[in-house]
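# Observations on chain architecture
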Amino acid sequence: LFCCVTEQMPDQATTPSPSQSLQPPNQGDEKDDENSNQQDEILFDVNTFLQKLATSSTSFDYDDSNDSDDGTVVTLTEPELTSLRKLNKRIRTLIEERQRKFRRTVTGDEKRRIRDHARDKIKQTAKQTRHSVEQTARRVVTGDSSKRIADWAREAKVVKTVDKFSFMLGVFSLLSTEYVLLKYPQHFGYFYVAVMSYMIVLRIYLYSKARYIYFLIDFCYFTNASCFVSVLLLPQNSTLWRINYASSNGLLLAAILAWRNSLVFHSLDKITSFALHMMPCLLTFLQRWPSDGSSAMCPQQLDEGNAECKLGVQGAFTDPVLFYISWQAYYIIQTEVIDRERLKGDPDLATSMRWITRDTKNPMHKMALSACRATGILKQNEKFDPETVKTKTVFVAFQLFFMMSTLVPVPFMFSNCDFHWVCLMLVFGFAVWNGSNYYFEVFAARYIQKFEDQKKVVAAVGVSPAKGGDDDKLACAVTKEE
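Overview of the structure. (Residues numbered from 1 in each chain as written. Predicted model: local features only at pLDDT ≥ 70, side-chain atom pairs only at ≥ 80, totals over all residues. Heavy atoms only, no water.)

## What to know about the overall build of the chain
When its secondary structure is counted, the chain shows 18 helices and zero strands. Residues counted as buried form 36% of the 482 residues belonging to the chain. Counted over contacts in the chain with a minimum sequence separation of 6, partners at least 24 positions apart contribute 63%. Of the roughly 29,900 Å² that the chain leaves accessible, carbon and sulfur atoms contribute 58%. (Helix = DSSP H or I, 4+ residues; strand = E, 2+ residues; numbered from the N terminus. Buried < 20%, exposed > 50% of the residue type's maximum accessible area, 1.4 Å probe, protein only. Contact = heavy atoms within 4.5 Å. Areas by Shrake-Rupley, 256 points an atom, 1.4 Å probe, with all protein chains shown as cover.)

## Quick word on the environment of Phe215
Mapping Phe215 onto the fold places it in the loop between helix 6 (188-209) and helix 7 (219-232). Spatially, the C-alpha atoms of Phe215 and Ser352 are 6.0 Å apart, while their sequence positions differ by 137 residues. Beyond its immediate stretch of four places on either side in the chain, Phe215 contacts Tyr207, Tyr221, Ala350, Thr351, Ser352 and Trp355.

## Quick notes on the state of the cysteines
In total, this model carries one disulfide according to the counting rule given. What pairs with Cys298 in a disulfide is Cys309, and their sulfur atoms sit 1.7 Å apart. Because the sign of the S-S torsion sets the handedness, a value of about -75 degrees for the bond joining Cys298 and Cys309 places this disulfide among the left-handed ones. Of this pair, Cys298 sits in the loop between helix 9 (268-288) and helix 10 (299-304) while Cys309 sits in the loop between helix 10 and helix 11 (312-338); the two residues are 11 residues apart in sequence, bridging distant segments of the chain. Like Cys298, the residue Cys309 is buried in the burial classification. Its sulfur unpaired, Cys227 is 8.9 Å from the next cysteine sulfur, which belongs to Cys281. (Disulfide = S-S within 2.5 Å.)

## Here we look at the packing of aromatic side chains
In this structure the tally under the stated criterion is 21 aromatic pairs. Centroid distance Phe219 to Phe222: 6.5 Å. Interplanar angle 35 degrees. Geometry classified as tilted. Residue Phe219 and its partner Phe222 are located together in helix 7, separated by three residues, close to a single helical turn. Residue classification places Phe222 among the partly exposed residues on the basis of a relative accessible area of 30%. Note on Phe219 and Trp327: the rings are 5.5 Å apart at their centroids and 70 degrees apart in plane angle, and the pair reads as edge-to-face. Taken together, the residues span a long stretch of sequence, with Phe219 in helix 7 and Trp327 in helix 11 at a distance of 108 residues. Looking at Trp327, the relative accessible area reads 5%, which means it is buried. (Phe/Tyr/Trp six-rings, centres within 6.5 Å; stacked < 30°, edge-to-face > 60°.)

## Observations concerning the nonpolar core
Judged by nonpolar contacts, the single largest core of 80 residues is most densely connected at Phe188, Tyr192, Met196, Leu253, Met278, Met279 and Phe384. The element best represented in this core is helix 9, accounting for 11 residues. Other than its neighbours up to four places away in sequence, Met279 contacts Thr177, Phe188, Phe191, Tyr192 and Met196. (Core = buried A, V, L, I, M, F, W, Y, C linked by side-chain atoms within 4.5 Å.)

## Section: the pattern of salt bridges
The full count for this structure, using the stated rule, is 11 salt bridges. In this structure, Arg113 and Asp116 form a salt bridge, with 3.2 Å as the shortest nitrogen-oxygen distance. Judged by relative accessible area, Arg113 falls into the partly exposed class, the value being 37%. Notably, a salt bridge pairs Asp116 with Arg119, separated by 3.0 Å at the nearest N-O pair. With Asp116 and Arg119 both in helix 3 (residues 114-142) and three residues apart, the pair spans about one turn of that helix. Looking at Asp116, the relative accessible area reads 22%, which means it is partly exposed. (Salt bridge = Lys/Arg side-chain N within 4 Å of Asp/Glu carboxyl O.)

## Section: unusual backbone geometry
If you check the backbone angles, Arg211 has positive phi at about 65 degrees while not being a glycine. Summarising the element assignment, Arg211 is placed in the loop between helix 6 and helix 7. Even without a glycine there, the phi angle at Arg260 is positive, about 55 degrees. Relative to the helices and strands, Arg260 resides in the loop between helix 8 (238-258) and helix 9.

## Thoughts on the packing of helix 7 against helix 9
Between helix 7 and helix 9, the shortest axis-to-axis distance is 10 Å and the interhelical angle comes to 30 degrees. Helix-helix and strand crossings are classified by hand; for helix 7 and helix 9 the assignment is left-handed. Of the residues in helix 9, those touching helix 7 at Cys220, Tyr221, Asn224, Cys227 and Val231 are Leu276, His277, Pro280 and Leu283. (Axes fitted to C-alpha atoms, helices over the stretch in contact; angles between N-to-C directions. Left-handed = near helix turned anticlockwise from the far one by under 90°.)

## Section: the layout of surface pockets
Here the second largest pocket defines a volume of roughly 1,100 Å³. Around the second largest pocket sit 35 residues that line it, and Gly170, Ser173, Leu174, Met199 and Ile271 are the ones nearest its centre. The set of elements that each furnish at least two residues to the lining of the second largest pocket consists of helix 5 (156-183), helix 6, helix 9 and helix 17 (417-461). Counting residues per element, the lining of the second largest pocket draws most heavily on helix 5, at 13 residues. Considered class by class, the residues forming the lining of the second largest pocket number 26 nonpolar, seven polar and two charged. (1 Å grid on protein atoms, 1.4 Å probe; cavity = no way out; pocket = protein on both sides within 12 Å on 5 of 7 lines; lining within 4 Å. Points joined across faces, edges and corners; volume = space filled by probe spheres on them. Nonpolar A, V, L, I, M, F, W, Y, C, P; charged D, E, K, R; others polar.)

## A short note on the environment of Trp421
Locating Trp421 in the fold gives a position in helix 17. Distance in space between the C-alpha atoms of Trp421 and Leu282 is 9.6 Å, their sequence separation being 139 residues.

Here it is, written out as structure tokens:
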């Protein structure tokens, strides 16, 4: 509102009038009157100041760009300075009063800042909107705005419906895979990438919530990532394809047996685990035995016609083992160096090491325990402790030995299509058998138990719904029995 220019000006010879432009006071002339050194000297354009002040009741912008060179300056007296200070104070007071009035109009409180009021209003509106959307979603999904969707999803009828839909989706997924594999084998790689990307993203989300996040750095994910690279980035790299072939049809195929994967169609977790191990095998099978005979794993066949294609020692053993060791080194660095304190402070975080050492029914656990006790590494009554260095060393060495042993049939698979197909079908049948055990032993046991409980209730009440009994009486008896 009021601007003072503090630059010092050269010595002036004339005495200005109050209506002329004010410039910074002359402090270089030692011959001025002694009283001039005691006065507050301010330089400003009086005419511009008064004109803009008269035409604006809220703001004033002093423009000091048009400095006068005519040498006319004025020295203000003490009363004039006092008047200007009062005017400045009055203007500031007026602005503060209008600010308080504006705050009172907008916020209802003259002391409350508008920015704070706006921030709180935005938060309140967002909270109300979220609550309204939540109520609407509950009403649409559950039929009751007061019932949480999570509680509704745990109800028996909802769980059954979801399981039925999941079962149907699992069967359709299997049929879709078969269709693409038989009808468009040349495009199966892109189908594989699309399906596995979707499953892996869902697994990352679900395992992050279930504290299984360290399962996502296991070797099967490492191999699937390598297959992604082969399909999307390096489709003609025969060395990488051979590494993927040996890793997929060696360790991953054997992992279906070791981890007891099962084909349970209504379980997303079980279907994903099975797909992580089986889909790379199908991908590399089609790459090794393409319908047109042009395999990226065997570029010499394209160059030399009917040249025989073999893995050799490097493709069947050296490269896959180095590939596995590179993953194992990363896994150890991640779990034993980078996240050591986190895992040490939270024993409930699941890793494949902790899972195998605690799963006494796992075939790998049984074989490792028997071998360690037979060789004296462990005492006869000693068990594995996943936190000790000895247990970790044993399982790292045993997994490496297990991986190398799974590479033994790989050269025969690579050389014989029928043998490769038989191996895939045997492992696939094992997963189907595990799935049938789950359905008929776990599910059947639950349903049989439910029927037996119903018979007990019917016998106690003495009525049967099939004979037209009192349904309400039976329902009350069931509730009481539960």
